Amino acid sequence: MAMASTRQHAAEGEHMAQPVSPDTVIRFWFDELSPRDWFRKSERLDQRIVDGFGVTLSEAAAGGLHHWRETPTGRLAEILVLDQFSRNIHRDSPRAFENDPAALARTREAIDAGADRALTRQQRAFLYMPFMHSESLADHQTALALYDALGMQNHLDAERKHYTIIERFGRYPHRNAVLGRENTGEEAAFLAEPGSSF
């Protein structure tokens, strides 16, 4: 928890810094990082995102990046900051999930505007990810349809695993400890299984 606290203070302490551009977010996520970086836990990467994008996340969380929504990639960049960077910057803290509702709202808006159709398939996979992160079964039904249409088997398989957990428990048990939620007996047994957490 000390590391998480350090990251939070670093993210909040650069009052004079300015948010980066949406192109910087897109370039960092898709060009500078490798696919294995996207889903692995790394304190070094987390700190890199704190240093490079902490101010941008604060601005996004306050609704200050609405002008990014003028382009499809700008919409995606805002969603990446709210949905992905929150998890890196506030790892092991309830704040990791605090921007999920905003990210999901931005995703719905992007789809309604047809912005997803202007993106590459890999970019669309991340645009849709707030549905996968939701603890609503209805959102996962939407996610299944989106990832099935996308035609990327690895993302579809991941969503099916997430769907099964939400269908069974109505929430993600592996978030319970961080969010101060008490495990049910069934959840405790599930969390003891190998590979149950993400």
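The rules behind each value
Residues numbered from 1 in each chain as written. Predicted model: local features only at pLDDT ≥ 70, side-chain atom pairs only at ≥ 80, totals over all residues. Heavy atoms only, no water. Helix = DSSP H or I, 4+ residues; strand = E, 2+ residues; numbered from the N terminus. Buried < 20%, exposed > 50% of the residue type's maximum accessible area, 1.4 Å probe, protein only. Contact = heavy atoms within 4.5 Å. Core = buried A, V, L, I, M, F, W, Y, C linked by side-chain atoms within 4.5 Å. Expected span 1.5 Å × (residues − 1). Arc of directions from axis to C-beta.

## Side note on the environment of Asp 100
Part 1 of the reasoning: Of note, Asp 100 is situated in helix α6 (residues 100–112).
Part 2 of the reasoning: Judged by its relative accessible area of 14%, Asp 100 falls in the buried class.
Part 3 of the reasoning: Each residue touching Asp 100, except ones within four places of it in the same chain, is listed here: Asp 83, Arg 87, His 133 and Arg 175.

## Concerning the nonpolar core
Most often, soluble globular proteins have nonpolar side chains that are buried together.
Part 1 of the reasoning: Counting residues in hydrophobic clusters, the biggest one holds 41 residues, and the most contacted among them are Trp 29, Phe 85 and Tyr 147.
Part 2 of the reasoning: At the level of secondary structure, the elements contributing two or more residues to this core comprise α2 (22–32), α4 (43–61), α5 (72–89), α6, α7 (121–127), α8 (129–133) and α9 (137–150).
Part 3 of the reasoning: A per-element tally of this core places α5 first, with eight residues.
Part 4 of the reasoning: Contacts of Tyr 147, omitting those with residues within four sequence positions, involve Ala 125, Tyr 128, Met 129, Met 132, Met 152, His 155, Leu 156 and Glu 159.
Part 5 of the reasoning: Counting five residues, the second largest nonpolar core, distinct from the first, contains Ile 165, Ile 166, Phe 169 and Phe 190.

## Examining α9
Part 1 of the reasoning: With 14 residues, α9 should reach 20 Å at 1.5 Å per residue; the first-to-last C-alpha distance of 20 Å fits that figure.
Part 2 of the reasoning: Along α9, the residues classified as buried are Asp 139, His 140, Ala 143, Leu 146, Tyr 147 and Leu 150. Viewed along the axis of α9, the buried residues span an arc of 120 degrees, placing them on a single side of the element. Facing away from the buried side of α9 by more than 90 degrees, the exposed set consists of Ala 145, Asp 148 and Ala 149.
Part 3 of the reasoning: Contacts from the buried residues of α9 go to α6, α7, α8 and α10 (153–169).
Part 4 of the reasoning: Immediately downstream of α9, the backbone of Gly 151 shows phi near 80 degrees, a positive value.

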